[in-house]
Amino acid sequence: MVQSPHQPVLYQDIILALQPKNPGQYVDGTVGAGGHARGILEACAPDGRLLGLDVDPQALKLARKTLAPYGKRAHLAQASYTEMVMILAELGWDPIDGIVLDLGLSSMQLDTPERGFSFQHEAPLDMRFDPASPLRAADLVNTLPQDELANLIFRYGEERYARRIARAIVQARPINSTLALAAVVKSAKPARQRVHPATQTFQALRIKVNNELDQIEEVLPQTLMVLKAGGRLAIISFHSLEDRLVKEFFRRESRDCLCPPKQPVCTCGHHATLKEVTKKPITPRKAEINANPRARSAKLRIAEKL
Ligand SMILES: C[S@@+](CC[C@H](N)C(=O)[O-])C[C@H]1O[C@@H](n2cnc3c(N)ncnc32)[C@H](O)[C@@H]1O
């Protein structure tokens, strides 16, 4: 059962970033419960429209409900944001005025115990955004060789105790539930930790199960293919691995030449395609964090297509 609705993070900032206008065309690549999408549809009324995508059929169900009042102005599809170019071409919608990506997982996913994202509730080790995709967290935990598991936890969880954790997991196999995994991870780490000891390991598994970083790398250049000149791209990330990919893409695409600085003549022929609107990311204000603690690590970066 879905426990709690998702509060859209940095809601006003997303609307200010995209400056939706009538009759603009927008993409919400991570539509979730439709919070940001609703704001965009309100702001581009009466004729602006929005394509909302999500890989999670349960999220789409909620989005359909939230966005029902907007009728055909909201087109929803169960698909990855990496399919946006194809879907927009099929709809005959490109070029696009604005794209929002609100990365990571929603409160509904985290708070639905049987999805297996949370180390606070007993559940099977699942963690798939799309329940039809083949790989579950339990498959990684119970089959990966110890060194690969350690690398995964180190790389995607930025977890300094990754090797100790991987050793403890391999010794405790088979591990099939969230709480069992959380207990094994806790036993492998020093007692005093600032955050819950399983936070980074769960993050690492979730990223791998859903291929999250590859998906981000894949979608970033696609956004350039569909945005019109002056169109805006707004991306909210929740941890440094995501934010780094976005930051580096924005930096690279806002430069006219990518040759090494000491090279006297440009040979790369690269031309800037984006202008960074935010040199530093926008973060939630205190009031938002107090009202929605899950917003605390959000970072919003905005760029404009040249
Ligand atoms: C933080 S939530 C978005 C919440 C949404 N902005 C709202 O206001 O309700 C992130 C959503 O992205 C979805 N998601 C994750 N990876 C995706 C992908 N590659 N393509 C499409 N959706 C994805 C998740 O299933 C989740 O519903």
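Note that the structure is predicted; figures quoted are calculated from it, not measured. Sequence order as written defines the numbering, with residues in each chain counted from 1. In view of the model being predicted, local features appear only for residues whose pLDDT reaches at least 70, and side-chain atom pairs are presented and counted only at 80 or more, with totals across whole chains, interfaces and linings using the full set of residues. Based on all heavy atoms of the structure, the side-chain values leave hydrogens and waters out of the count.

A. Main features of the nonpolar core. Ranked by internal contacts, the top residues of the largest apolar core, which has 63 residues, are Ile-99, Ile-169 and Leu-181. Numbering of helices and strands runs from the N terminus; a helix is a DSSP stretch of H or I covering at least four residues, while a strand is a stretch of E covering at least two. In terms of residues, this core owes the most to one element, helix α11 (residues 212-226), which gives six residues. What Ile-99 contacts, discounting residues up to four positions off in sequence, is Leu-18, Val-27, Met-84, Thr-223, Val-226, Leu-227, Arg-232, Leu-233 and Ala-234. Among buried residues, those of type Ala, Val, Leu, Ile, Met, Phe, Trp, Tyr and Cys that are joined through side-chain atoms within 4.5 Å constitute a nonpolar core. Only protein chains enter the calculation, and the probe is 1.4 Å; a residue is then buried if its accessible area is under 20% of its type maximum, exposed if over 50%, and partly exposed in between. Core analysis: the second largest hydrophobic core is formed by 26 residues, Ile-14, Ile-40, Ala-63 and Ala-234 among them. By definition, residues are in contact when any of their heavy atoms lie within 4.5 Å.

B. Summary view of the site of the ligand. The rule for a residue being near a molecule or strand is that one of its heavy atoms must lie within 4 Å of it. Contacts to the ligand come from 25 residues, most closely from His-36, Asp-54, Asp-102, Gln-109 and Gln-215. In protein, a polar contact means a hydrogen-donor-capable atom and an acceptor-capable atom, both N or O and within 3.5 Å, with residues adjacent in sequence counting only if both atoms are side-chain atoms; elsewhere, any N or O pair within 3.5 Å suffices. Between a nitrogen atom of the ligand and a side-chain N or O atom of Ser-80, the distance comes to 3.2 Å. A distance of 2.8 Å is found between a nitrogen atom of the ligand and a side-chain nitrogen or oxygen belonging to Asp-102.

C. Highlighting helix α3 (residues 57-67). Those residues of α3 lying buried are Ala-59, Leu-60, Ala-63, Thr-66 and Leu-67. Relative to the axis of α3, the buried residues are bounded by an arc of 120° and lie together on one face. Opposite the packed face of α3, turned more than 90 degrees from it, sit the exposed residues Lys-61 and Lys-65. On its buried face, α3 sits against α2 (35-43), β2 (49-54) and β3 (74-78). Between the side-chain oxygen at the start of α3 and the backbone nitrogen of Gln-58 there is a gap of 2.9 Å, and the oxygen is on Asp-56. The arc in question is the one spanned by the directions pointing from the helix axis to the C-beta atoms.

D. Looking closely at unusual backbone geometry. Omega for the peptide link from Asn-22 to Pro-23 comes to 0°, which places this bond in the cis form. By the secondary structure assignment, Pro-23 is in the loop between α1 (11-18) and β1 (25-28). Ala-45 connects to Pro-46 through a cis peptide bond whose omega is 5°. By the element assignment, Pro-46 lies in the loop between α2 and β2. Residues other than glycine seldom take positive phi values, yet Leu-10 does so here, at roughly 50°. Here Leu-10 is to be found in the segment before α1.

Read these as layout, nothing more, since geometry by itself doesn't imply function.
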